[in-house]
Amino acid sequence: MNIYMDYASTSIQKPPAVMKAMAEIISSNHYGNPSRGAHQYSMNAQRVVNKVKEQILQLLNASSDTYDVLFTQNATTALNMVIKGCVKAQQHVLTSDWEHNAVLRPLYELEQSKNILLNFLESATLTGMFDYQQCDQFIKQKSPDWLILNHASNVTGNCLNLEAIKQMAYQAGVPIILDSSQTFGTVPIDFSDKIITALAFTGHKSLYGPMGIGGLVIKKDIEMYPLISGGDGLEPFAKVMPQHQEAGTLNVPGIAGLGGALESFDNKGESVAKKQLSLREKTIYFRHALEKINGLTLYGEVEEQTVGVISCNIHDIPSAMVGDILATDYNISVRTGFHCAPLIHGCLNTTSQGTLRFSIGAATTYEEIDYVINRMEELGREIE
Ligand SMILES: Cc1ncc(COP(=O)(O)O)c(C=O)c1O
């Protein structure tokens, strides 16, 4: 049996509609370069781009009067774009120890280049639980210019109570930038109240689209200096990129593939909620079985886990060593180490060992989970 449990890195089973939509763009000879001409080939491609932008807004319940969708390669590019393009010199950013390097590194760069002030919310030891009181107090007392948060930790699987965060930020007038890399498509996100300023997403994880496509959903009235300048097909004589943010030719096959993936979210929020429930049930089942294994330490808070991520360690064995045994002896593919999110390991006490991360997805079966649990039990006994 070959078992894939690294969905937090990328989802490997895509809906057939993804391939179909991508193949149509590449093989039909009907699609040109969008926004580069008024001929039918260019217009065909532009229609695909516009349609997928609409699908994304619909999934978020977001109004196209308020929000724009900008396509990028992935969440990393979208996060660089919004952080470097929106945070101004000497501004104050509140963020957390849940963040991925896709957020941390642009922020550290701005600390150097624009002298911004950075503060980090600290999570609880071992559970990695977000401290809502700390966040509320900080916002009230210090009124930061930006709140930049990861919706769900890719290390612990803990997911934010987004409604609570939105209310705190809204009352203090603090704009929110949300990293939805682990949640968009798995956890319902509602933009109808227009509180969130920008959301970065990636297509290849919980949206089950192809790699190479992601984006930013951002309020139209937000001033954002472009990260990448170049041809936009619109205003060639302007020396700086005016308004437009999507420089260069777009990844139309990737966009179409993402559109294909989005078709499976037929009744929008409801289908996301269903996926979330099923993933949560599998996650809880998996966690409870792992809990019984001698010498196994589980991280994260069970109540907050809805994205299918479980991190653990066996005794003090380096996580990479256990991951290698699982891969070579049992054909079980997991991720080990620090998962590009260094700060959370301080509160999990895993800065030297890292964690063994199982991440499951929509296609993971209970049979696969049972198989992994049995192998982990064997491993626990052998190590004792
Ligand atoms: C929380 C989080 N943010 C950002 C990213 C970056 O996503 P991508 O590699 O698609 O840019 C990841 C990827 O693992 C992630 O888990």
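Residues numbered from 1 in each chain as written. Predicted model: local features only at pLDDT ≥ 70, side-chain atom pairs only at ≥ 80, totals over all residues. Heavy atoms only, no water.

An unreviewed UniProt entry lists the protein chain under the name Aminotransferase class V-fold PLP-dependent enzyme, from Vagococcus zengguangii. Its UniProt record gives the protein chain the following Cofactor (unreviewed entry) comment, quoted word for word: "pyridoxal 5'-phosphate". Here is the UniProt Sequence similarities (unreviewed entry) comment for the protein chain, exactly as written: "Belongs to the class-V pyridoxal-phosphate-dependent aminotransferase family. NifS/IscS subfamily." (UniProt positions renumbered as here; feature names shortened; annotations may be inferred.)

Observations concerning the overall build of the protein chain
Looking only at helices and strands, the protein chain features 11 helices and 13 strands. A compact globule built from 384 residues would reach a C-alpha radius of gyration of about 21 Å, and the protein chain, at 21 Å, matches this within 12%. Referenced to the eigenvectors of the C-alpha coordinate spread, the extents of the protein chain come out at roughly 70 × 55 × 35 Å. Evaluated residue by residue, the protein chain yields a buried proportion of 54% over its 384 residues. Accessible surface computed for the protein chain: about 16700 Å², of which carbon and sulfur atoms make up 51%. Here the protein chain holds 29 positive side-chain charges and 40 negative ones, and the gap between their average locations is 6 Å. (Helix = DSSP H or I, 4+ residues; strand = E, 2+ residues; numbered from the N terminus. Rg over C-alpha atoms; globule rule 2.2 N^0.38 Å. Buried < 20%, exposed > 50% of the residue type's maximum accessible area, 1.4 Å probe, protein only. Areas by Shrake-Rupley, 256 points an atom, 1.4 Å probe, with all protein chains shown as cover. Lys, Arg positive; Asp, Glu negative; His and termini not counted. Charge placed at Lys NZ, Arg CZ, Asp CG, Glu CD.)

Digging into the packing of aromatic side chains
Scanning the model with the defined rule gives 8 aromatic pairs in all. Consider the rings of tyrosine 4 and tyrosine 7, whose centres lie 5.2 Å apart with planes at 70°: the pair is edge-to-face. With a centroid separation of 5.6 Å and an interplanar angle of 75°, the aromatic rings of phenylalanine 184 and phenylalanine 201 are classed as edge-to-face. Of this pair, phenylalanine 184 sits in the loop between β6 (176-179) and β7 (196-202) while phenylalanine 201 sits in strand β7, and the two are 17 residues apart along the sequence. Each member of the pair phenylalanine 184 and phenylalanine 201 is classed as buried. (Phe/Tyr/Trp six-rings, centres within 6.5 Å; stacked < 30°, edge-to-face > 60°.)

A look at the site of the ligand
As a matter of local geometry, the ligand sits amid Asn74, Ala75, Thr76, His100, Asn150, Asn154, Asp179, Ser181, Gln182, Thr202, His204 and Lys205. Within the side chain of threonine 76, an N or O atom sits 2.6 Å from an oxygen atom of the ligand. Take histidine 204: an N or O atom from its side chain is 2.8 Å from an oxygen atom of the ligand. Taking 390 Å² as the accessible area of the ligand by itself, protein coverage stands at 89%. By residue class, the composition of the shell around the ligand is 1 nonpolar, 9 polar and 2 charged. (Near = heavy atom within 4 Å. Polar contact = N/O pair within 3.5 Å; in protein donor to acceptor, adjacent residues only side chain to side chain. Nonpolar A, V, L, I, M, F, W, Y, C, P; charged D, E, K, R; others polar.)

Things to note about the side chain of serine 42
For serine 42, the position within the fold is in helix α2 (residues 40-60). With relative accessibility at 1%, the residue serine 42 sits in the buried group. The contacts of serine 42, once residues within four sequence positions are left out, are Gly32, Asn33, Pro34, Ser35, Arg36 and Gly37. (Contact = heavy atoms within 4.5 Å.)

Here we look at the sheet that holds β7
Within a sheet, each strand pairs with its neighbour through backbone hydrogen bonds, oriented either parallel or antiparallel. Taken in spatial order, the 7 strands make up an open sheet running β2-β8-β7-β6-β5-β3-β4, and their pairing is mixed. Unpaired on one side and paired on the other, β2 (67-72) and β4 (117-121) mark the two borders of the sheet. Each adjacent strand pair in this sheet contributes to an overall mean axis angle of 15°, direction not counted. Both strand β3 (residues 92-96) and β4 contribute to a ladder of 5 bridges, which runs parallel. Directly across from leucine 94, in β4, lies its bridge partner asparagine 119. (Pairing = 2+ DSSP bridges. Axes fitted to C-alpha atoms, helices over the stretch in contact; angles between N-to-C directions.)

Focus on the pairing of β2
Of all 6 residues that make up β2, 5 are buried, and the element is covered over most of its length. Sheet topology note: the β2/strand β8 (residues 214-219) ladder contains 6 bridges and is antiparallel. In the strand pairing of β8, valine 69 is matched with valine 217.

As for the sheet that holds strand β10 (residues 309-314)
One open sheet holds the 4 strands; their spatial order is β9-β10-β13-β12, and the pairing between them is antiparallel. The open sheet has two edge strands, β9 (296-298) and β12 (335-337), and neither has a second partner. Here the strands of the sheet are splayed against their neighbours by 30° on average, with no regard to which way each runs. Looking at chain direction, β9 and β10 are connected through 3 bridges and run antiparallel. By the bridge assignment, threonine 297 is partnered in β10 with asparagine 313. Where helix α9 (residues 319-330) meets the sheet, its contacts fall on β10, β12 and β13 (355-359), and the angle it forms with β13 comes to roughly 45°.

Looking at the side chain of threonine 364
Relative to the assigned elements, threonine 364 resides in the loop between β13 and α11 (366-383). A relative accessible area of 3% places threonine 364 in the buried class. Of note is the side chain of threonine 364, whose polar atom sits 2.9 Å from the backbone nitrogen of glycine 361. Ignoring anything within four residues of it in the chain, the contact list for threonine 364 reads Met5, Tyr7, Lys282 and Ile369.

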